[in-house]
There are 2 protein chains.
Amino acid sequence: MTALIKELEDIVGKDGVLASKEERICYSYDAQLSEAMPDVVVIPENAGQISKIMKLANRRKVKVVPRGSGTGLSGGSVPVNGGILLLLRKLDKIITIDRENLMGVAESGVVTARFCEAAGKVGLMYPPYPSSYKTSMLGGNIASNAGGVMGLKYGVTGDYVMGMEVVLPTGEIIKTGANTVKSVSGYDLTGLLVGSEGTLCIVTEATLKLVPKPEFTQSLLVVFNDIESAAKSVSEIISAGIIPSALEIMDNATINAIEDFKKIGMPKTADAVLLIEADGIKEAVEKDAARISDICEKLNAESIKTAKTVSESKELWEARTSALPALARIKPTTMLEDVTVPRGRVPEMITYIQQIAKKYDIMIGTFGHIGDGNLHPTILTDKRDREEMERVEKAIEEIFKTAIELGGTVSGEHGVGLTKSRFLKMEKGKEGIEVMRAIKNALDPNNILNPGKIFGWV
Amino acid sequence: MTALIKELEDIVGKDGVLASKEERICYSYDAQLSEAMPDVVVIPENAGQISKIMKLANRRKVKVVPRGSGTGLSGGSVPVNGGILLLLRKLDKIITIDRENLMGVAESGVVTARFCEAAGKVGLMYPPYPSSYKTSMLGGNIASNAGGVMGLKYGVTGDYVMGMEVVLPTGEIIKTGANTVKSVSGYDLTGLLVGSEGTLCIVTEATLKLVPKPEFTQSLLVVFNDIESAAKSVSEIISAGIIPSALEIMDNATINAIEDFKKIGMPKTADAVLLIEADGIKEAVEKDAARISDICEKLNAESIKTAKTVSESKELWEARTSALPALARIKPTTMLEDVTVPRGRVPEMITYIQQIAKKYDIMIGTFGHIGDGNLHPTILTDKRDREEMERVEKAIEEIFKTAIELGGTVSGEHGVGLTKSRFLKMEKGKEGIEVMRAIKNALDPNNILNPGKIFGWV
């Protein structure tokens, strides 16, 4: 160990290596899982140092786990094998925001919100930021192909990665993609590496597509007395050819948790609310907002509130962004799940989740990006209560099975990591996983980069 | 050979195997290259038969080249190694067009235009169709990650592939992606396989994203007396935050070729024309069109014609779609190239192309998707003229080198195939190509599926 630490210090300097127990504990968790200690934490400054670290790790057969801010929700950055925890926070330069070419170049340790602000300063927008964007880093967003509230209209992180500089498991530094909006020269390595959860490469720099900031935005809060009507409204809106920039749902349990937490006048008796945002040219937005209201009214919306001012709109969105923290206050343990089904199957999925909660007598609050068919059933429990945790595990398994039966996926935007790997075969089948393993073996012959994640042990 | 043919007939039946010289000649070319004879042409009806063919090919170490309509422009489907030419035209079913979930499922042998029409019938649109869409097939579009005139606003084929059924080189049939708009369960095999030019898999079925058909569309034809102003207008339009659905350029040589061919009143003295289309909600389109006109006027546009009727608009687009056939009439050999540079570098690239044409005393007509920075310098020559062909080769090499120096790519949308493979290393470097080869070896250990394409011999 001391010999390894010495070699690491030769690469990144003494203050780039953290070995004390106290320091290592700080990096033993993500936003969902905890208590897996790395043997050593290394903080490189650039791709060159990371390349040397990977070559050293291959020579010594030491496992390496890359980590950004640790906001992940599936254990992808948790060092379950010990080894080197590679902390990317020093790669924090925004290299350029290019208004003319609608793109920005930044290092992977840049906090997502900082990049969004930099783009905003020149009238551009980086749409795929996740709800954790105030602390998450671009590299982690890319590694997990993060989605966010704007996915319905604008897509997810992967849709914005034009090219990357990455360090391969064997230490080579390569550039993928291009600085152009179109490129088909060779295999789309960017496509493969985005969402590979730190198992195929360490992202050091990314060229990210930006879009012009819309001139006008309007938010609506629609209250429903039955959640099925809310879900049906979503299908109707999209079938009508309207693509809102955001289309979120919160169920009764979530509404109450938010109101108890924030006291912002959420309708505590409502079965569900939809939070809808339209953006674009003013005339178009107003037209869409009017059509959305009509559709919701026809489907028996209890009330429709349109934000008149920016601050009113901010307040509506504060409700949504505080959904998770609000729920988390209720019980000691919060398990945020992430299932996605085809939009048309959302009403069924929501009903199933409610039935499963009843069946196993556990508390589940559901919210999420209903426009994408992406729901976050959030289980409120106490991991010290063995007996309840067993019911929780059964409920989670049933939720995933149901999602797949409805033509859905076990992860819409949080990644597989550790927590979903046992469900992956249900969705991808043996052959599908064999292909992924073959690619992993080809790029990481010693299996040292974040092994055991996604499809278990290779 | 006869033994192989017998085994193939056992799989697809007698009329699914074509072995006569006349029949094989029909599949010895694509839209750019010709004269590479397959040993046998096989026409399977489904993934199961293709799986059996691949297993047979592995057993006998016979090369296999998949082919759709042969509209490719880089030799990707040309059987330079002989072997089995796998013709996918019988996989021609449109399985579903799903209005509620904004997606369609179709087999890979479906002609692109047929799929576009099927989507159109329910008010949806499949935007990434290439200019060859009336004959090209979806499988070929996916294998080459085809782009088209709507790329600027709507992206390319890969942006619309949600999931696929593919047959791997070793014969396994797998499903990639999901039926949901978001999925991050495991590696993004869809991302890797789209654009792999028939070297990593044979696409048999695809789930494709569709978008609502815009309610209103407006086309403008803008005439310029100097091509630099045309190119500058493009940068200005995009910098102003306007994203037209199409933004095409044609230079003087192209304009004259079209006018001589079609007699539709194209301005023969103009140095360049821009063909611009905006789509969306009527109010938004009219606003954009007005702003586009202002920008072009400020940059000394000679004239701006706005299509008042659908037929006027059709006429403008007929000019663009006939650019290649019109140029092809002038000389016996047409070499359509495909370079892409960052939008901001387009004016320089155009100037370089003109200088290169002068330097080597050859005729080059340039048109293309200028909004994407994607240009198609089209060299008009006669391949029987050895001496001129040598100058042509030098010119092409210089064009690609220049594109890469300007931060661009050697292929924006046509693929690498055979014709660009010698330039790939210039762009991707040794390490980048090594990774691609490692993936190819992992998925195709016997190297029998379309070998020698993209990065030469592996």
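Counting restarts for each chain, with residues numbered from 1 along the sequence as it is written. As they are written, the chains are lettered A onward and the ligands numbered 1 onward, keeping that order. Restriction of local features to residues with pLDDT of at least 70 applies here, the model being predicted, together with a cutoff of 80 or more for giving and counting side-chain atom pairs; totals for whole chains, interfaces and linings are based on all residues. Side-chain metrics rest on all non-hydrogen atoms present in the structure, leaving aside hydrogens and water.

A. Up close: the relation of the copies chain B and chain A. Overlaying chain B on chain A yields an RMSD of 0.0 Å, the required transformation being a rotation through 180° with an accompanying axial translation of 0.0 Å. Viewed as a symmetry operation, the transformation between the two copies matches a two-fold axis. The contact definition used throughout considers only heavy atoms, calling two residues in contact when any of these lie within 4.5 Å. The residues that chain B uses at the interface reappear at the interface of chain A in 100% of cases, marking a shared surface. Copy-to-copy superposition: least squares on the C-alpha atoms, limited to residues that have pLDDT of at least 70 in both copies.

B. Quick look at the packing of helix α15 (residues 421-443) of chain A against helix α15 (residues 421-443) of chain B. Relative to each other, α15(A) and α15(B) sit at 140°, their axes nearing to 9 Å. Taken together, the axis directions place α15(A) and α15(B) in an arrangement best described as oblique. The interaxial crossing formed by α15(A) with α15(B) has right-handed handedness. On α15(B), the residues that touch Val435(A), Ala438(A), Ile439(A), Ala442(A) and Leu443(A) of α15(A) are Val435(B), Ala438(B), Ile439(B), Ala442(B) and Leu443(B). Under the scheme applied, nonpolar residues are Ala, Val, Leu, Ile, Met, Phe, Trp, Tyr, Cys and Pro; charged residues are Asp, Glu, Lys and Arg; polar residues are all the others, including Gly. Residues that form the contact of α15(A) with α15(B) fall into these classes: 10 nonpolar, no polar and no charged. Axes here refer to lines fitted to C-alpha atoms; in helices the fit is confined to the stretch in contact. Angles between the N-to-C directions go from 0 to 180 degrees. Here a strand is any run of E in DSSP of at least two residues, a helix any run of H or I of at least four, and the numbering for each starts at the N terminus. Note on terminology: angles under 35 degrees are roughly parallel, angles over 145 are roughly antiparallel, angles of 65 to 115 are roughly perpendicular, and the others are oblique. Note on convention: the crossing is left-handed when the near helix lies turned anticlockwise from the far helix by less than a right angle, right-handed when the turn is clockwise.

C. Summary view of the domain arrangement of chain A. Residues and elements named next belong to chain A. According to the domain assignment, chain A consists of domain 1 (1-213), domain 2 (216-324) and domain 3 (331-405). Where each domain starts and ends follows an automatic or database-derived domain assignment. Here domain 1 and domain 3 have C-alpha centroids that lie 29 Å from each other. Taken residue by residue, the interface counts eight residues in domain 1 and nine residues in domain 3. Here the quantity called buried area is the total loss of accessible area, with a 1.4 Å probe, experienced by two parts when brought into contact, counted for both. Buried surface at the junction of domain 1 and domain 3, summed over both partners, amounts to about 520 Å²; 46% is from carbon and sulfur atoms. When the buried surface of domain 1 facing domain 3 is broken down by residue, Gln32, Leu73 and Leu152 rank first, second and third, together holding 65% of it. A carboxyl oxygen of Asp or Glu within 4 Å of a side-chain nitrogen of Lys or Arg is what we treat as a salt bridge. Summed over the shared surface of domain 1 and domain 3, the result is zero salt bridges. Polar contact criterion, stated in full: a pair of N or O atoms within 3.5 Å, where within protein one must be able to donate a hydrogen and the other to accept it, and residues adjacent in sequence count only if both atoms are side-chain atoms. Summed over the shared surface of domain 1 and domain 3, the result is two residue pairs in polar contact (both at pLDDT 80 or more). Across the side of domain 1 that touches domain 3, the residue classes break down as three nonpolar, four polar and one charged.

D. Focus on the side chain of Thr254(B). All names here are of chain B. Residue position: Thr254 is located in helix α9 (residues 252-262). Taking the relative accessible area as the measure of exposure, Thr254 reaches 0% and is therefore buried. Contacts of Thr254, omitting those with residues within four sequence positions, involve Ala323, Leu327, Gly365, Thr366 and Phe367. Using a 1.4 Å probe on the protein chains alone, a residue whose accessible area is under 20% of its type maximum counts as buried, one over 50% counts as exposed, and one in between counts as partly exposed.

E. A look at the pairing of strand β12 (residues 216-224) of chain B. Residues and elements named next belong to chain B. Extensive coverage of β12 is indicated by the burial of seven of its nine residues. Strand pairing is assigned whenever DSSP identifies at least 2 bridges connecting the two strands. When β12 meets strand β14 (residues 272-280), the two strands line up antiparallel, connected through nine bridges. What sits directly across from Leu221, in β14, is Leu275. Of the strand pairs in this sheet, β12 and strand β15 (residues 301-306) are connected by five bridges, and their pairing is antiparallel.

F. Inspection of the interface of chain B and chain A at higher detail. Contacts between chain B and chain A engage 78 residues on the former and 79 residues on the latter. Carbon and sulfur atoms make up 63% of the area that chain B and chain A hide from each other, which totals about 6,000 Å². When the area that chain B buries against chain A is broken down by residue, the three leading residues are Lys182(B), Val184(B) and Tyr187(B), summing to 16%. Our count for the contact surface shared by chain B and chain A stands at eight salt bridges. A salt bridge links Lys287(A) to Glu215(B), with the nearest nitrogen and oxygen atoms 3.1 Å apart.

G. Helix α4 (residues 112-121) of chain A, seen in detail. All names here are of chain A. Counting buried positions along α4 yields seven of 10 residues, so the element is predominantly enclosed. Regarding α4, the residues found buried are Thr112, Ala113, Phe115, Cys116, Ala118, Ala119 and Gly120. Contacts from the buried residues of α4 go to β5 (94-98), β6 (103-107), β7 (124-125), α5 (138-143) and β10 (202-209). Within two residues after α4, Gly123 carries a phi angle of roughly 80°, on the positive side.

H. Region of the structure containing the pattern of salt bridges. Under the criterion given, the structure shown has 59 salt bridges over all chains. The salt bridge involving Lys268(B) is made with Asp260(B); its shortest N-O contact spans 2.6 Å. Look at Lys268(B) and you get partly exposed, because its relative accessible area is 37%. Through salt bridges with shared partners, a single ionic network connects Lys331(A), Asp361(A), Glu387(A), Glu388(A) and Arg391(A).

I. Structural view of the sheet that holds strand β2 (residues 40-42) of chain B. Residues and elements named next belong to chain B. Pairing within the open sheet is mixed, and its four strands lie in the order β1-β2-β4-β3. Edge strands, defined here as strands with exactly one partner in the open sheet, are β1 (17-18) and β3 (64-67). Where β2 and strand β4 (residues 84-87) come together, three bridges link them in parallel fashion. Note that in β4 the partner of Val42 across the bridge is Leu86. Against the sheet, helix α1 (residues 2-12) engages β1, β2 and β4, with an angle of about 10° to β2. Here helix α3 (residues 47-60) sits on the sheet in contact with β2, β3 and β4, set at roughly 170° to β4.

J. Spatial organisation of the sheet that holds strand β10 (residues 202-209) of chain B. Residues and elements named next belong to chain B. Ordered in space as β5-β6-β10-β8-β9, the five strands form an open sheet in which the pairing is antiparallel. Two strands bound the open sheet, and with one partner strand each, they are β5 (94-98) and β9 (173-177). Taken over all neighbouring pairs, the strand axes of this sheet differ in orientation by 10° on average, direction set aside. Alignment of strand β8 (residues 161-167) against β10, held across six bridges, turns out to be antiparallel. Across the sheet, Val161 pairs through a bridge with Leu208, a residue of β10. Running at roughly 50° to β8, α3 makes contact with β8, β9 and β10 of the sheet.

K. Broad picture of unusual backbone geometry. The backbone phi angle of Asp361(A) is positive, close to 50°, even though this residue is not glycine. Looking at the secondary structure, you find Asp361(A) in the loop between α13 (346-359) and β18 (363-369). Classification of Asp361(A) by relative accessible area gives exposed; the value is 58%. The phi torsion at Asn450(B) lies on the positive side, around 50°, for a residue other than glycine. In this fold, Asn450(B) is placed in the segment after α15.

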